[in-house]
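Examining the three-dimensional arrangement
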Amino acid sequence: MNVINQVLVLFFLILIGYGGRKFRVIDDRAVGYFSSFVLNISLPALILVSLQRPFSKELLGDAGLTLFLSFAAYGFFFLFAVLYPFFVPLSRKERGVHRYALIFSNVGFMGYPVVEALLGQKTLFYLAIYNIPFNFLAFSIGAWLIAREGERPLMLNWKTFINPSVVATVLGFLFFLGSVAFPAPVFQTLKMTGDITSPLSMIVIGTILGKMPFRSILGKWQRYATTTARLALLPALVGLILYAAGFRGLFLSLPVTVAAMPVAANTSILAEVYGADAESASSLVFISTLLCIITIPLIALALGLR
């Protein structure tokens, strides 16, 4: 019941954003500003605070193992996504969107609050490390996957791999290596700013869902197949592989929990920008976010979380 209660709190925050958008308390400009604030200010602040740990060789080794597991997981997701259209027929515009949805879960907006709720605040140090591949790939290689099947191509360069979360992660890790602690006023400011991330990110998801016309949500069976793979199949496969390899505790529960997150909210944004199937992208975001209210507690209980 504790797991369910924690996820329900996040769901109610989503409902606040959804209701605010439907009743026009929050307009399209506010959605953009809120999203920008989370991605460019509050989330980097949360990352910096979560990496404020005294250096130790044991923690450094754990961080290295966490990063290795993350790269291995994303490699597995890429392979799964490449093969996926051979089993589930998709149109040209759909392929990039569905592949992106399978590779990238909503670790930015939803990952941090869910992991904090289920695994504890101290786990955010490991999550910040685990999300390094996502921060590098989601808006570069990931965006290219969507663009190559859309109407507007994307030219990759070094700038596409850099964003505020990447900068915050690099700086925070350097501070960790040097055991550099922020002065109390700076730390408290960053902490208060970072604490906004969880509630505001849930509200942002609600407002994004509130923008979608309901008729565009339902539709092709392929969307439900991809949602099932995103929420259930991939977490199960990750869990089985890691368990068979002898991983237990955090190194099992963290990758599985991140894999169980719904489709990344920016899927629909990138599909719109690059002329891919924005309707399918929006539908995948909506359906997976709605159903994860059921699947996340089940996966948490399967992992033995309380």
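Quick note: structure is the one above.
Bear in mind that the values here come from a model prediction, so they are computed numbers and not experimental data.

1. Structural notes on the overall build of the protein chain
Helix and strand counts for the protein chain come out as 15 helices and zero strands. With respect to the three principal axes, the spread of C-alpha positions in the protein chain is 50 × 50 × 45 Å. For the protein chain, with 306 residues in total, the buried portion stands at 57%. With the model as given, the accessible surface of the protein chain reaches about 13700 Å², and the carbon-plus-sulfur share is 71%. Computing the positive centroid from 22 side-chain charges and the negative centroid from 12, the protein chain places the two 2 Å apart.

2. Quick notes on the environment of S140
Structurally, S140 is set in the loop between α7 (132–137) and α8 (141–147). Along the chain, S140 and L303 lie 163 residues apart, while their C-alpha atoms are 32 Å from each other. In terms of polar contacts, S140 uses its side chain to reach the backbone carbonyl oxygen of F136, at 2.5 Å.

3. Here we look at the packing of helix α4 (residues 92–103) against helix α12 (residues 221–244)
In the contact formed by α4 and α12, the axes pass within 9 Å of each other and the chain directions differ by 15°. If you check the angle between α4 and α12, you find them roughly parallel. With respect to the hand of their crossing, α4 and α12 are arranged in right-handed fashion. Note on element contacts: α12 touches α4 through Q222, R223, T226, A229, R230 and L234, opposite H98, A101, L102 and I103.

4. Quick look at the pattern of salt bridges
The full count for this structure, using the stated rule, is three salt bridges. Residue R29 is joined to D27 by a salt bridge in which the shortest nitrogen-to-oxygen separation is 3.6 Å. On the basis of relative accessible area, R29 is assigned to the exposed category, the value being 59%.

5. Brief notes about the packing of helix α3 (residues 57–87) against helix α13 (residues 250–259)
Where α3 contacts α13, the two axes come as close as 11 Å, and the packing angle between them is 40°. Taken as axis vectors, α3 and α13 run oblique relative to one another. As α3 packs across α13, the resulting crossing turns out to be right-handed. Contacts from D62, L65, T66, L69 and F77 of α3 reach α13 at F251, L254, P255 and A259. In the contact of α3 with α13, the residues fall into seven nonpolar, one polar and one charged.

6. Considering unusual backbone geometry
A positive phi angle is found at R24, which is not glycine, with a value near 65°. In this fold, R24 is placed in the loop between α1 (2–22) and α2 (28–50). A positive phi angle, near 50°, is found at S179, a position not held by glycine. According to the relative accessible area criterion, S179 is partly exposed, its value standing at 43%.

7. Some points on a nonpolar patch on the surface
Side chains of F55, L60, W158, I162, V167, V170, L171, L174 and L177 sit close together on the surface and give an oily, nonpolar patch of about 790 Å² of accessible area. In this structure, W158 sits in the loop between α8 and α9 (164–177). Relative accessible area serves as the criterion here: at 62%, W158 is assigned to the exposed category.

8. With respect to the nonpolar core
Formed by 102 residues in total, the largest nonpolar core has its most connected members in F77, F104, M110, Y112, L118, L254 and I296. The element best represented in this core is helix α15 (residues 278–302), accounting for 10 residues. Apart from residues lying up to four places away in sequence, L118 is in contact with V3, Q6, T257, I296, A300 and L305.

9. Description of the side chain of T123
Mapped onto the elements, T123 comes out in the loop between α5 (107–119) and α6 (124–130). If we skip the residues at most four places from it in the chain, T123 touches V115, L250 and L254.

10. Observations regarding the packing of aromatic side chains
Enumeration according to the criterion identifies 14 aromatic pairs in this entry. Pairing F104 with F134 gives two aromatic rings, centres 5.7 Å apart and planes at 75°, and the pair type is edge-to-face. Within this pair, whereas F104 is found in the loop between α4 and α5, its partner F134 is found in helix α7, the two being separated by 30 residues in sequence. When sorted by exposure, F104 lands in the same class as F134, which is buried. Where F175 meets F182, the ring centres are 5.3 Å apart and the plane angle is 80°; that geometry is what we call edge-to-face.

11. Brief notes about the environment of G19
Position of G19 among the secondary structure elements: in helix α1. Placed 190 residues apart in sequence, G19 and L209 show a C-alpha to C-alpha distance of 9.9 Å.

Thresholds applied
Residues numbered from 1 in each chain as written. Predicted model: local features only at pLDDT ≥ 70, side-chain atom pairs only at ≥ 80, totals over all residues. Heavy atoms only, no water. Helix = DSSP H or I, 4+ residues; strand = E, 2+ residues; numbered from the N terminus. Buried < 20%, exposed > 50% of the residue type's maximum accessible area, 1.4 Å probe, protein only. Areas by Shrake-Rupley, 256 points an atom, 1.4 Å probe, with all protein chains shown as cover. Lys, Arg positive; Asp, Glu negative; His and termini not counted. Charge placed at Lys NZ, Arg CZ, Asp CG, Glu CD. Polar contact = N/O pair within 3.5 Å; in protein donor to acceptor, adjacent residues only side chain to side chain. Axes fitted to C-alpha atoms, helices over the stretch in contact; angles between N-to-C directions. Parallel < 35°, antiparallel > 145°, perpendicular 65-115°, else oblique. Left-handed = near helix turned anticlockwise from the far one by under 90°. Contact = heavy atoms within 4.5 Å. Salt bridge = Lys/Arg side-chain N within 4 Å of Asp/Glu carboxyl O. Nonpolar A, V, L, I, M, F, W, Y, C, P; charged D, E, K, R; others polar. Patch = residues over 30% accessible without salt bridge, like charges linked within 9 Å, V, L, I, M, F, W, Y side chains within 5 Å. Core = buried A, V, L, I, M, F, W, Y, C linked by side-chain atoms within 4.5 Å. Phe/Tyr/Trp six-rings, centres within 6.5 Å; stacked < 30°, edge-to-face > 60°.

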